[in-house]
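# Coordinates in review
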Amino acid sequence: MLRRFLGVLILFTASSLAGAALPPSAPTHGVRLEKTFIPMRDGIRLAATLYMPANLKAGERVPALLEYLPYRKDDDEAARDYGTHTYFARRGYVDARVDIRGFGASEGTPPGREYSAQEQQDAEEVIAWLARQSWSNGKVGMLGISWGGFNSIQMALRKPPALKAILAVAATEALFKEDVHYIDGVFHVDEFELTMDLDQGRSGAADFSLNEAVIGPRMDSEPWSLNYMKHQRDSGFWHAPLRPIETLAVPAFLIGGMQDGYRDSIPRMLDKVKAPLKAWIGPWNHGFPNGADYGPMYEWRDQAVRWFDYWLKGRDTGVLADPRVVIYQQHWHPPESQSQDIPGEWRAETWPPAGTTAMTLYLQPEHGLAPAPPAAGRDLLRNVPSAGVEAGFWWGELLTDQRPVDAFSLTYDSQALNEDVAILGLPRVTLQVAADARLADWFVRLSDVAPDGRVTMVTGAGINGAQRDSMAEPQDLVPGKVYPLSLDLHLASWVFPKGHRIRMAVSNALWPMNWPTPYPLTTTMLLGGDSASRITLPRVPLHGPPAPAFAAPEPIEEPAGITGIGGGGAAWPGEWTVLRDEAKQHSTVIWKGKTAVSYPWGRFDHSEQLTYDIDDAHPDLARVQGDSEYIQALKGHVLTWRGRLDVSSDAQTFFYKYTRTLLRDGGVIRTKTWEEPIPRDHQ
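Cut-offs applied
- Residues numbered from 1 in each chain as written.
- Predicted model: local features only at pLDDT ≥ 70, side-chain atom pairs only at ≥ 80, totals over all residues.
- Heavy atoms only, no water.
- Pairing = 2+ DSSP bridges.
- Helix = DSSP H or I, 4+ residues; strand = E, 2+ residues; numbered from the N terminus.
- Axes fitted to C-alpha atoms, helices over the stretch in contact; angles between N-to-C directions.
- Contact = heavy atoms within 4.5 Å.
- Buried < 20%, exposed > 50% of the residue type's maximum accessible area, 1.4 Å probe, protein only.
- Parallel < 35°, antiparallel > 145°, perpendicular 65-115°, else oblique.
- Left-handed = near helix turned anticlockwise from the far one by under 90°.
- Nonpolar A, V, L, I, M, F, W, Y, C, P; charged D, E, K, R; others polar.
- Salt bridge = Lys/Arg side-chain N within 4 Å of Asp/Glu carboxyl O.
- Core = buried A, V, L, I, M, F, W, Y, C linked by side-chain atoms within 4.5 Å.
- Polar contact = N/O pair within 3.5 Å; in protein donor to acceptor, adjacent residues only side chain to side chain.
- Phe/Tyr/Trp six-rings, centres within 6.5 Å; stacked < 30°, edge-to-face > 60°.
- Lys NZ or Arg CZ within 6 Å of the ring centre and 35° of its normal.

### Here we look at the sheet that holds strand β1 (residues 31–39)
The sheet built from ten strands is open, its strands ordered β1-β2-β4-β3-β5-β6-β9-β10-β12-β14 with mixed pairing. Each edge of the sheet is formed by a strand with only one pairing partner; in this case those strands are β1 and β14 (344–349). If you compare each strand with its neighbour and ignore which way they point, the axes differ by 20° on average. Alignment of strand β10 (residues 277–282) against strand β12 (residues 325–330), held across three bridges, turns out to be parallel. Along β12, the bridge assignment pairs A279 with V325. Against the sheet, helix α1 (residues 78–89) touches β1, β2 (45–53), β3 (62–69), β4 (94–99) and β5 (136–145), its axis set at about 50° to β2. With respect to the sheet, helix α8 (residues 265–272) is in contact with β9 (252–257), β10 and β12, its orientation differing from that of β10 by roughly 155°.

Written out as structure tokens, the structure is:
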């Protein structure tokens, strides 16, 4: 879903395959671009750019590959699209890049949400249209990262007849728990809301029409963030457009990253799906393996061609003989958020990994972590609502030293390890807890403590205490009552070195990742007893089966006439600062991002800012304000789109306000505001 980072995949070279396997299709074609419209049954036309092999023989039929996004193909994503889709076109595929209804150059009004029934119905029509073109062999594949990965999985679950295989990168099917609106079931606001709420109001490049029939429905479309705030539990809203993941029957190639917030979908699909699956999980964040912020980086498009050649062209490229799972075993590295290569090694695995054993460590009095349960005991934690910025904006990215947030957490450390310990999988946490308020959240972080005191976070997860039994039917806590809580931490890959310590930290806040519960509170952690508080680590042998060699990233073709200014790129990850008023116990986190691009029709500037405010004494009065601005300079005039988001709360209510404004040469030509109180539903 998020378009923060875009990159690519890795895999195994042809030399690693069995002798009978064929190499992937060679780049024997030129490329020509064809812009067209695909008609829907209701008369709306979706805009498509077809990346065509330029020198097909008379009567030659080739497969189609579809990438289907709201992210605008003619401007915002044009450079990225060109580098991706020309690669496949040169190898005998027609690549179709399609804007969803109401976005970019496509006609119609934006749907009321991501992954809507309308979006999926339109996609079925697009797939059928591609399959019946004169150049088509009748077989279609889907591919994409984030949103494009999400809807590739969703369409595979719908089983349109012509869809024969998918490739999904950095994606999940779990829309409530794992998407960016309710992280682990707790309300969340970030840059995605700013981007998508304003994108709904833009007309297509390069004419940027101000015709009322075009711009009116877009500028007046209700912001998605308002819709999401009205669905604060795992209700039918989040499941209505989806099918159960275990019904997936279309072959799927899944690519994920250990620094990406959507990584849990891959082990879940490996557990539940019977269709042919191939998984590749590297050290990357929310990007393709050849362009993520964290390396090492590898080519992925050659392996995508091997995958699609097999399923769409009938060429035996040996993909069925590949390891089912290739995963990067991360080794220790110091806490640091900057771009870097992560040390480690590749493993070719089944799932769960062969040789996995449960390593259970119990929380101990005096804040220890040991293999045997202790006698009964308890620890108290006074919640500090502003704690948590060092844990990041979601369960992804590399992070700075965790000691500042650990200072406001209960921490439990093992003894110094007498040997290296490798883990691979989802750690399981069981807690016995109580709170003196009717709403409380618990957040668990697993970290590596180096001998010099530096703390590197390995993984973590949270649980909304009201959702302890059901994310769909939350119930208040009874103050003082002891509850058992169980949760899986997000997928982890790590080697704790000899001499280091394993740390488990527990807090009741992670700001600004998660909106705070409204009450000042103290929680109790019970130790020992029949169901002792503990963490179970999926320990694996230090070295796994060796993985095949991977190819280095290949050059990426760039389109003429599009140039990043001052580095170009995306607004995310941007930069952020933390301000603290100790006298008032008030904390402010400010995030900023910007980008600028030159197009043949003019310059485009994009800037965003989010300001998160919280008082430790009054967590009910938390607030997030966001501003996004697009400035499109054209020949003869300048168009400016502005979005202003303001979300605040008290103990019972969220207060929502969003204003979308369009200006021409500095004068307002259209503006609309949505303002609404929304009852808090166990958040």
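### Describing unusual backbone geometry
For the bond from A205 to A206, the omega torsion is 5°, close enough to zero to count as cis. Relative to the helices and strands, A206 is located in the loop between α4 (191–199) and α5 (212–219). Here the amide bond leading from G295 into P296 is cis, since omega sits at 5°, within 30 degrees of zero. Tracing the sequence through the fold places P296 in the loop between β11 (294–295) and α9 (301–313). In this structure, S146 takes a positive phi of about 60° despite not being glycine. In this structure, S146 sits in the loop between β5 and α3 (147–158). Of the residues examined, S146 reaches a relative accessible area of 0% and is grouped as buried. In this structure, K159 is a non-glycine residue whose phi angle is positive, near 60°. Checked against the element boundaries, K159 lands in the loop between α3 and β6 (163–169).

### Here's the deal with the packing of α1 against α9
At a minimum axis separation of 10 Å, α1 and α9 run at an interaxial angle of 45°. As the angle between them shows, α1 and α9 are arranged oblique. Both α1 and α9 take part in a crossing whose hand is right-handed. Residues G83, Y87 and F88 of α1 pack against R301, D302, A304 and V305 of α9. Residues that form the contact of α1 with α9 fall into these classes: four nonpolar, one polar and two charged.

### Structural notes on the packing of helix α2 (residues 117–131) against α3
Relative orientation of the contacting elements α2 and α3 amounts to 75°, with a least axis distance of 10 Å. The pairing of α2 with α3 is recorded here as roughly perpendicular in orientation. Between α2, through E119, Q120, Q121, A123, E124 and I127, and α3, the contact on the second element is made entirely by W147, N151, Q154, M155 and R158. Across the contact of α2 with α3, the residue classes tally to four nonpolar, four polar and three charged.

### A closer look at the pairing of strand β33 (residues 637–649)
Of all 13 residues making up β33, ten are buried, and the element is well covered by its neighbours. Note that strand β32 (residues 618–634) and β33 share twelve bridges and pair antiparallel. From the neighbouring strand, V624 faces β33, where its bridge partner is V647. One ladder, built from eleven bridges, connects β33 with strand β34 (residues 653–664); its direction is antiparallel. Residue R644 lies in a different strand from β34, and its bridge partner there is T659. Following β33, the chain reverses through three residues before pairing antiparallel with β34.

### Remarks on the pattern of salt bridges
With the rule as written, the count across this model stands at 48 salt bridges. Its salt-bridge partner being R202, residue D75 comes within 3.8 Å of it at the nearest N-O pair. Of this pair, D75 sits in the loop between β3 and α1 while R202 sits in the loop between α4 and α5, and the two are 127 residues apart along the sequence. We classify D75 as buried; its relative accessible area is 3%. R202 gets classed as buried once you look at its relative accessible area, which sits at 1%. Measuring nitrogen to oxygen at the nearest pair gives 4.0 Å for the salt bridge that ties D665 to R664. Look at the salt bridges and you will find they share partners, linking E67, E77, R80, D81, R97 and D99 into a network.

### Points about the nonpolar core
Core analysis: the largest hydrophobic core is formed by 124 residues, its most contacted members being L66, V98, L130, W147, W515, W641 and Y656. M359, W442, L446 and L521 belong to the second largest nonpolar core, which has 42 residues in total.

### Things to note about the environment of I281
Inspection of the secondary structure puts I281 in strand β10. On the accessibility criterion, I281 (2% relative accessible area) is buried. Taking the C-alpha atoms as reference points, I281 and M297, separated by 16 residues in sequence, lie 12 Å from one another. Those residues in contact with I281 that sit more than four places away from it in its chain are G256, G257, M258, I266, V326, I327, Y328, W346 and L491.

### Here's the deal with α8
When you tally the buried positions in α8, you get six out of eight residues, the bulk of the element. Here α8 has its buried residues at S265, I266, P267, R268, M269 and L270. Elements in contact with the buried residues of α8: α3, β9, β10 and β12.

### Describing α4
Counting buried positions over the nine residues of α4 gives nine, a clear majority of the element. E191, F192, E193, L194, T195, M196, D197, L198 and D199 are the residues of α4 that are buried. For α4, the capping residue at the N-terminal end is D190, with a side-chain oxygen 2.9 Å from the backbone nitrogen of F192.

### Some remarks on the environment of G318
Topologically, G318 is positioned in the loop between α9 and β12. In this structure G318 comes out as buried when scored by relative accessible area, which is 10%.

### Topic: the packing of aromatic side chains
Here the structure, examined in full by the defined rule, presents 40 aromatic pairs. Their ring planes at 75° and their centres at 5.7 Å tell us that Y298 and W346 sit as a pair that is edge-to-face. Residue Y298 is located in the loop between β11 and α9, and its partner W346 is located in strand β14; the two are separated by 48 residues in the primary sequence. Per residue, the accessibility class of Y298 equals that of W346, and both read buried. With a centroid separation of 4.9 Å and an interplanar angle of 0°, the aromatic rings of Y599 and W601 are classed as stacked. Through successive ring pairs, a cluster of aromatic residues spans F176, Y182, F187, Y228, F237, W238, F393, W511, W515, W576, Y612 and F654. Sitting above the plane of the Y630 ring, R202 keeps its charged end 4.2 Å from the centroid.

These values are about where atoms sit, not about what they do.
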